[in-house]
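# Fold and contact review
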Amino acid sequence: EVQLVESGGGLVQPGESLRLSCAASGFTFSNYVMNWVRQAPGKGLEWVSSINEGGGTTMYADSVKGRFTISRDNANNTIYLQMNSLKPEDTALYYCAAKYGFYGTDWSLYDYWGQGTQVTVSS
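Residues numbered from 1 in each chain as written. Predicted model: local features only at pLDDT ≥ 70, side-chain atom pairs only at ≥ 80, totals over all residues. Heavy atoms only, no water.

## Side note on the packing of aromatic side chains
Rules: Ring pairs are drawn from Phe, Tyr and Trp, using the six-membered ring of Trp, whenever the two centres fall within 6.5 Å, and their geometry is named by plane angle: stacked under 30 degrees, edge-to-face over 60, tilted for the rest. In this scheme, a residue with accessible area under 20% of its type's maximum is buried, one over 50% is exposed, and one in between is partly exposed, where area comes from a 1.4 Å probe on protein chains only. We call a charge positioned over a ring when the NZ of a Lys or the CZ of an Arg lies within 6 Å of the ring centre and within 35 degrees of the ring normal.
Summed over the entire model, instances satisfying the criterion amount to eight aromatic pairs. Between F27 and Y32, the ring centres sit 4.8 Å apart and the planes meet at 70°, which makes this aromatic pair edge-to-face. With respect to class, F27 is no different from Y32; both count as buried. Members of the aromatic cluster, connected to one another through ring pairs, are F27, F29, Y32, Y100 and Y112. In this structure, R19 is placed above the aromatic ring of Y80, and the distance from its NZ or CZ to the ring centre is 4.0 Å. Positioned above the aromatic ring of F29, the side-chain terminus of R72 is 4.5 Å from the ring centre.

## Considerations on the state of the cysteines
Condition: Count a disulfide wherever a pair of cysteine sulfur atoms falls within 2.5 Å. Under the scheme used here, helices are H or I runs from DSSP no shorter than 4 residues and strands are E runs no shorter than 2 residues, and both carry numbers assigned from the N terminus.
Across all of its chains, the model carries one disulfide by this definition. Note that C22 is cross-linked by a disulfide to C96, the S-S spacing being 1.9 Å. Residue C22 is found in strand β3 (residues 18–25), and its partner C96 is found in strand β9 (residues 92–100); the two are separated by 74 residues along the sequence.

## Details of the sheet that holds β3
What holds strands together in a sheet is hydrogen bonding between their backbones, with the strands either parallel or antiparallel. Applied cut-off: What makes two strands pair is DSSP finding at least two bridges between them. Axes, fitted as lines to C-alpha atoms, cover a helix only where it is in contact. Angles between the N-to-C directions of the axes lie from 0 to 180 degrees.
The four strands lie next to each other as β1-β3-β8-β7, forming an open sheet whose pairing is antiparallel. Every interior strand has two partners, whereas the edge strands, β1 (3–7) and β7 (68–73), have only one. Along the sheet, successive strands turn relative to each other by an average axial angle of 15°, direction set aside. Note: β1 against β3, five bridges, orientation antiparallel.

What follows is the structure in C-alpha cells.
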C-alpha cells in the first residue's frame, strides 16, 4: 500500500520557520520525483516545489523562491520542506506528492498524494 505521510505543520508567526517532512512507503521512493503542493483556504491547488529522483535538481514557485528549500533522503524515504521567513500568504494545507518519470509543475499528473499538513502563519 502506497503511503505518504506529512508532518511538521503548525501555527507560527510571520518571519518564523517550519520544517515539513513527508515519509513515503509502498513504492520505490528513489525512482520518483517528489513534490510539494499547497492549498490555501478557499483557493485551488498551487504547486510549490519539486526535487528530482537523485535530489540534485530542484525548482520552486516564484512565491517561495529564496525562502523555501526542498530536500530528500533516499535512504530513509523522506522529503523535507524547510520554510523560512514565513508570510501570512503561506497559510495553506501542504501536500507531498510523488510522480514517476515526470519532473514538472503540473500537479494534476502526480501519482500519489499524502493527506496534508496544515501550516498557519498569523500574528
